[in-house]
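# A closer look at the structure
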Amino acid sequence: DAKTTQPTSMDCAEGRAANLPCNHSTISGNEYVYWYRQIHSQGPQYIIHGLKNNETNEMASLIITEDRKSSTLILPHATLRDTAVYYCIGTLYGGSQGNLIFGKGTKLSVKP
Amino acid sequence: KAGVTQTPRYLIKTRGQQVTLSCSPISGHRSVSWYQQTPGQGLQFLFEYFSETQRNKGNFPGRFSGRQFSNSRSEMNVSTLELGDSALYLCASSQGNEVTFGSGTRLTVV
């Protein structure tokens, strides 16, 4: 799995977009970028993944730079329930063959 | 559909004892992985089972073991418990790119 770097923490006002960056400069051409989040004391929850195209689902959008060295997870209208630790992971299989390598993640605090 | 079920949710054990944790994956999922989460080390991969065979293993001592049954349910066992084994143990089941985590078992070793 590729090594990823994320800011330790971020704040966001409720209702505003939360933009969470991730650097993955060593990602290989066939590794996907996956995002998970973990709300306090619960198991990680899958958010979104992508290879090289931007992706959007009902939870978030994922913007991957053309050189694939970084990406940004966008929560378009953050709510208090989005307060969590967000993990960016570069992986071949997204966890379907076990060994996801979790870093420290970004602790996002959504404030009223 | 039902999610990943881990039992028990909380457990307190004494140093030196052994413990068995259980995980029932989502129906149809054949891969089950286990992770340990501590404040100091974060989320760390323990091992993964697929069709009753260990397919991947993390860097943990042999006191940590697991198995998977024919119905894909999995158990992990920790023998000779140490204080440092206190952690949240998470199970994840997967099929293709779909990975779902359970809520975990909180183990406290005293």
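No experiment lies behind these values; they were computed from the predicted model shown.

### A word on the overall build of chain B
Across its full length, chain B carries zero helices and eleven strands. The helix and strand sequence of chain B, counted from the amino end, reads β-β-β-β-β-β-β-β-β-β-β. The globule rule puts the C-alpha radius of gyration for 110 residues at 13 Å, and the 13 Å found for chain B is close to it. Counting only C-alpha atoms and orienting by the principal axes, one finds that chain B spans roughly 35 × 25 × 25 Å. Out of the 110 residues in chain B, the part that is buried amounts to 47%.

### Let's talk about the overall build of chain A
Tallying secondary structure elements over chain A gives zero helices and nine strands in all. Against the compact-globule benchmark of 13 Å for 112 residues, chain A has a radius of gyration of 13 Å, which places it among compact chains. Across its three principal axes, chain A shows a C-alpha extent of roughly 40 × 30 × 25 Å. For chain A, the proportion of its 112 residues judged to be buried stands at 45%. Restricting to contacts in chain A with at least 6 residues of sequence separation, those with at least 24 account for 57%. Split by element, the accessible area of chain A, about 5700 Å² in all, is 50% carbon and sulfur. Counting 10 positive and 9 negative side-chain charges, chain A places the averaged centre of each group 6 Å from the other.

### Section: the interface of chain B and chain A
Listed by partner, the interface residues are 21 residues for chain B and 19 residues for chain A. Counting the surface chain B buries against chain A, the share from its top three residues, B:Leu43, B:Asn97 and B:Phe101, is 35%. Across the contact surface, chain B and chain A share zero salt bridges. At the junction of chain B and chain A, the tally comes to three residue pairs in polar contact (both at pLDDT 80 or more). Contributing elements (two or more residues each) for the side of chain B that touches chain A: strand 4 (31-38), strand 5 (42-50), strand 6 (53-57), strand 9 (87-95) and strand 10 (98-101) of chain B.

### Details of the sheet that holds strand 1 (residues 5-7) of chain B
Sheets are built from strands paired through backbone hydrogen bonds, the pairs being either parallel or antiparallel. Residue and element names in this part refer to chain B. What the four strands build is an open sheet, ordered 1-3-8-7; its pairing is antiparallel. Each end of this open sheet is capped by a strand with a single partner; those strands are strand 1 and strand 7 (64-68). Between one strand and the next, the sheet's axes are offset by a mean angle of 20°, whatever the strand orientation. Here strand 3 (residues 19-24) runs beside strand 8 (residues 74-78); their pairing, made up of five bridges, is antiparallel.

### Observations concerning the pairing of strand 8 (residues 84-91) of chain A
All names here are of chain A. For strand 8, the tally of buried residues reaches seven of eight residues, placing the bulk of the element in the interior. Inspection of the sheet shows strand 3 (residues 32-38) paired to strand 8 by seven bridges, in the antiparallel sense. Note on strand 8: the bridge partner recorded for Tyr32 is Thr91. As paired elements, strand 8 and strand 9 (residues 106-111) share three bridges and run antiparallel to each other. Considered in strand 9, the bridge of Tyr86 is made with Thr106.

### Quick notes on the sheet that holds strand 8 of chain A
All names here are of chain A. If you walk across this open sheet you meet the five strands as 1-9-8-3-4, and the pairing is mixed. Across the chains shown, the open sheet's two edge strands, defined by having one partner strand only, are strand 1 (9-13) and strand 4 (45-50). On average, adjacent strands in this sheet sit at an angle of 25° to one another, irrespective of strand direction. For strand 3 and strand 4, the ladder comprises five bridges, and the chain directions are antiparallel.

Quick notes on the rules
Residues numbered from 1 in each chain as written. Chains lettered and ligands numbered in written order. Predicted model: local features only at pLDDT ≥ 70, side-chain atom pairs only at ≥ 80, totals over all residues. Heavy atoms only, no water. Helix = DSSP H or I, 4+ residues; strand = E, 2+ residues; numbered from the N terminus. Rg over C-alpha atoms; globule rule 2.2 N^0.38 Å. Buried < 20%, exposed > 50% of the residue type's maximum accessible area, 1.4 Å probe, protein only. Contact = heavy atoms within 4.5 Å. Areas by Shrake-Rupley, 256 points an atom, 1.4 Å probe, with all protein chains shown as cover. Lys, Arg positive; Asp, Glu negative; His and termini not counted. Charge placed at Lys NZ, Arg CZ, Asp CG, Glu CD. Buried area = accessible area lost by both parts, 1.4 Å probe. Salt bridge = Lys/Arg side-chain N within 4 Å of Asp/Glu carboxyl O. Polar contact = N/O pair within 3.5 Å; in protein donor to acceptor, adjacent residues only side chain to side chain. Pairing = 2+ DSSP bridges. Axes fitted to C-alpha atoms, helices over the stretch in contact; angles between N-to-C directions.

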